[in-house]
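Observations on chain architecture
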Amino acid sequence: MLMVRAHSCDCSGDVRAPRLARFMAMPDRFAAASANLAQDQRFPSTGAAASARIDHDRMANAIRALAMDAVEQAKSGHPGLPMGAADIATVLFARFLKFDPADPAWPDRDRFVLSAGHGSMLLYALLHLLGYEKMTIAEIRRFRQMGSLTPGHPEYDHTPGIETTTGPLGQGIANAVGMAIAERHLAAVFGGDIVDHAIYVLASDGDLMEGISQEAIALAGHLKLKKLVVLFDDNGISIDGPLALADSVDQVKRFESAGWAATRIDGHDPAAIAAALEAAKKSDRPSLIACRTTIGFGAPNKGGTAKVHGAALGPDEVAAARKKLGWTSPPFEIPADILSQWRTAGARGRPERLAWEARLAALDAHKRTEFERRMRGALPAEEFAAAVTSVKQKLAEAPKEIATRSASEFALEELAGALPEMIGGSADLTGSNNTRTKAMKAMSAADYSGRFIHYGVREHGMAAAMNGMALHGGIIPYSGTFLVFSDYCRPAIRLAALMGKGVIHVMTHDSIGLGEDGPTHQPVEQLAALRAIPNLKVFRPCDAVETIECWQLALEDRHGPSVLALTRQNVPQLRLGFDSTNRCVHGAYELVAADGGDMARVSLFASGSEVAIAVAAQKLLAARKIAARVVSVPSFELFLAAPEKEREAIVGRAQVNVAVEAGIRQGWDAIIGSAGTFVGMTGFGASAPYKELYQHFGITPENVAEAALARLGG
């Protein structure tokens, strides 16, 4: 078995060693074509090894054929990666990956993440060949068609067997880091007999060029996530042409510097692939296996070039590839003996699953029930309700004028105690985000049972890793950073919304109210930008009571991500007394009615820290004999999702609507109407104490009242 590490080679006894060693060590990212080398090694000369190699080749060619056929029929897609990586996938799925097509959600299955999501036909072909019931040949024929189970890029919760939605490069490898964190944590909590599986990733050059990959691999190396294995499809080709046009990074050295075990192999040699995977299983660190492949392997004219990356091969090239690969079956037909070999490989994991189920059944009843609850994503109803009630009672007994970031910390002390599946973290802003409770110990390579993760200054990697934890199951991830840095997190937040995963982002310092750090750190457009993402709930509570209510709603929503936008500056507690109901549940509610029960002439709408400004403005208007009411709007999304009659009742029928928020107007017209008046920001902030900033930008009770009076004509 040939194993080539970095730029050295221990290849004694292998007649191919000199040529292969030189080839593997080329510093220019292996610019020379590898097709001939790969073809030289396709058939060992004698005995059982030759027979096994022939079997392997036929199984791998089934993947190639389905990929060619599906892309050709759709006249759209990416055949190059499935054809090039078919040998890697065949060895991994037929010999190493632990799974059972009869139970795609088996909790202790190995996870496979196709980070290079453009190569989706690789995964769809595997799911069909291995016997996943819903991945029929009819679905393969419907590749990239409306309503099919074979969309252009893999989509979580759409196709059984897909672990995460990939396509935006780099996200998958970062998701996998989160999955590996979840596996290690749950193994520490429930034991290795119940949680013991690997996370495998197939990544492309593009995945590793994206900046998020550095954040992800650095975190994984730091935490020594030994169950994480990245198979790098190192084909040396990008969309523009040879990778050398844009990149000359030695990925093996890069990963080694981040604390990974890393090796280079021939990605068309099943023995080398298997040996590398065996070594990875024994590693005490995460592993990178850089697999040198030929993109579009088997295509005689387009293989090894950018032409095979993102377009159908064309009828002539498909026919030529079939001939070169020795594949004589018609399109979308798999010979019975080859399909039987794949189905046997698919059935390989059933005994392991049944043995695992027996171990789970023998587990202590309390521990088993807790494990099953967490993996279902069900909250512990009694404990959760008691924690929320406890926080509200304490606030009723002793109101707090504190920043909502501090109110969040106050709530978390109870919530994290009631929900042991909550795993917190921060992007090097723990003391500012207030996301670590007193009882939380840090997770580390020495102790994965910790419930707080120091992500470092890696906001994007943090957000994507949280997605991976949520996808893995058994964990509710939440983390902290500044709201302005939501821009760094946005691609991962968008994918969480697309996948419907309940991750929670605590984003503090939510306005010009953060003060002296100035416009680089003061979010102005971020609230509107986040509110524009479908299936994302943005909560901006006005005080400590609303903060616990928003936390409650975020935790109850297991079908989409949430952002809690929280203040740096103190705000008064506007909700006094104990109220068992969650008044934030509809996204907006009347906080202060018009004086004396009069019909309001003015409705004042606000979120977060500006609600107190609206309340003060209402008093100024009352002094002018103008009846006004105040509506707190902690969540646009919940408000807009409420039935029309409820929305109409909340908005009311006042003559004038005024909204106030220390951000831009975008989005508010859905509540106040285009004729409504907005008091807020129209540009960037400035560096000064926050009270001066509110005065400077006119976000004051006096200006709100004057704006209402101006619309009333007085």
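Cut-off values and rules
- Residues numbered from 1 in each chain as written.
- Predicted model: local features only at pLDDT ≥ 70, side-chain atom pairs only at ≥ 80, totals over all residues.
- Heavy atoms only, no water.
- Helix = DSSP H or I, 4+ residues; strand = E, 2+ residues; numbered from the N terminus.
- Rg over C-alpha atoms; globule rule 2.2 N^0.38 Å.
- Contact = heavy atoms within 4.5 Å.
- Areas by Shrake-Rupley, 256 points an atom, 1.4 Å probe, with all protein chains shown as cover.
- Buried < 20%, exposed > 50% of the residue type's maximum accessible area, 1.4 Å probe, protein only.
- Core = buried A, V, L, I, M, F, W, Y, C linked by side-chain atoms within 4.5 Å.
- pLDDT = per-residue confidence, 0-100.
- Pairing = 2+ DSSP bridges.
- Axes fitted to C-alpha atoms, helices over the stretch in contact; angles between N-to-C directions.
- Phe/Tyr/Trp six-rings, centres within 6.5 Å; stacked < 30°, edge-to-face > 60°.
- Polar contact = N/O pair within 3.5 Å; in protein donor to acceptor, adjacent residues only side chain to side chain.

What follows is about the overall build of the protein chain. Looking only at helices and strands, one finds 28 helices and 20 strands in the protein chain. For a compact globule of 714 residues, the expected C-alpha radius of gyration is about 27 Å, and the protein chain comes in at 29 Å, within 12% of that figure. Considered along the principal axes of its C-alpha atoms, the protein chain spans approximately 100 × 55 × 45 Å. Long-range contacts, defined here as pairs at least 24 residues apart, represent 77% of the contacts in the protein chain between residues at least 6 apart. A total accessible area of about 26400 Å² is found for the protein chain, and carbon and sulfur atoms account for 53% of it.

A few words on the environment of Gly346. Relative to the helices and strands, Gly346 is located in helix H13 (residues 336-347). Take Gly346: its relative accessible area is 2%, and that puts it in the buried class. For the pair formed by Gly346 and Leu130, sequence separation is 216 residues and the distance between their alpha carbons is 4.5 Å. Sequence-distant contacts of Gly346, that is, excluding residues within four places in its chain, are made with Phe99, Pro101 and Leu130.

Let's shift gears to the nonpolar core. Judged by nonpolar contacts, the single largest core of 66 residues is most densely connected at Leu415, Met422, Trp551, Leu555, Val602, Leu604 and Leu621. Of all the elements, helix H22 (residues 544-556) adds the most residues to this core, at eight residues. The contact partners of Leu604, leaving out residues within four places of it in the chain, are Ala614, Ala617, Gln618, Leu621, Arg629, Val630, Val631, Val658 and Val704. Counting residues in hydrophobic clusters, the runner-up holds 62 residues, among them Val252, Ala262, Met507 and Leu530.

Right, let's talk about the confidence of the model for the protein chain for a bit. Chain-level pLDDT for the protein chain is 94 on average; 93% of the residues reach the 70-or-more range. Here residues 1-45 is modelled with pLDDT under 50, and outside its nearest four sequence neighbours on either side it reaches 86 contacts, counting other chains as well.

An order of E11-E10-E12-E13-E15-E14 is seen for the six strands of this open sheet, with the pairing classed as parallel. The open sheet has two edge strands with one neighbour each: strand E11 (452-454) and strand E14 (537-539). This sheet shows a mean twist of 20° between the axes of neighbouring strands, independent of strand direction. As defined by bridge partners, strand E12 (residues 476-482) adjoins strand E13 (residues 504-508) across five bridges and the pair is classed as parallel. For Phe482, the partnering residue across the bridge sits in E13 and is Thr508. Running over the sheet, helix H19 (residues 459-472) touches strand E10 (422-426), E11, E12 and E13 and is turned about 165° from E12.

This structure, assessed with the given rule, holds 14 aromatic pairs. Judged by centre distance (6.4 Å) and plane angle (10°), the ring pair of Phe99 and Tyr132 falls under stacked. You can see Phe99 sitting in the loop between helix H4 (80-96) and strand E3 (111-114) and its partner Tyr132 sitting in the loop between helix H5 (120-130) and helix H6 (137-141), a full 33 residues away along the chain. As far as burial versus exposure is concerned, Phe99 and Tyr132 are alike and both buried. Between Trp668 and Phe678, the aromatic rings sit 6.5 Å apart at their centres with planes inclined by 40°, giving tilted as the arrangement.

Time to look at the side chain of His197. Of note, His197 is situated in the loop between helix H7 (171-190) and strand E4 (199-203). Here His197 falls in the buried class, since its relative accessible area comes to 1%. Within polar-contact distance, the side chain of His197 engages the side chain of His472 at 2.8 Å. With residues up to four places along the chain from it excluded, the contact list for His197 reads Lys98, Pro107, Asp108, Arg109, Asp110, Arg111, Glu183, Lys227 and His472.

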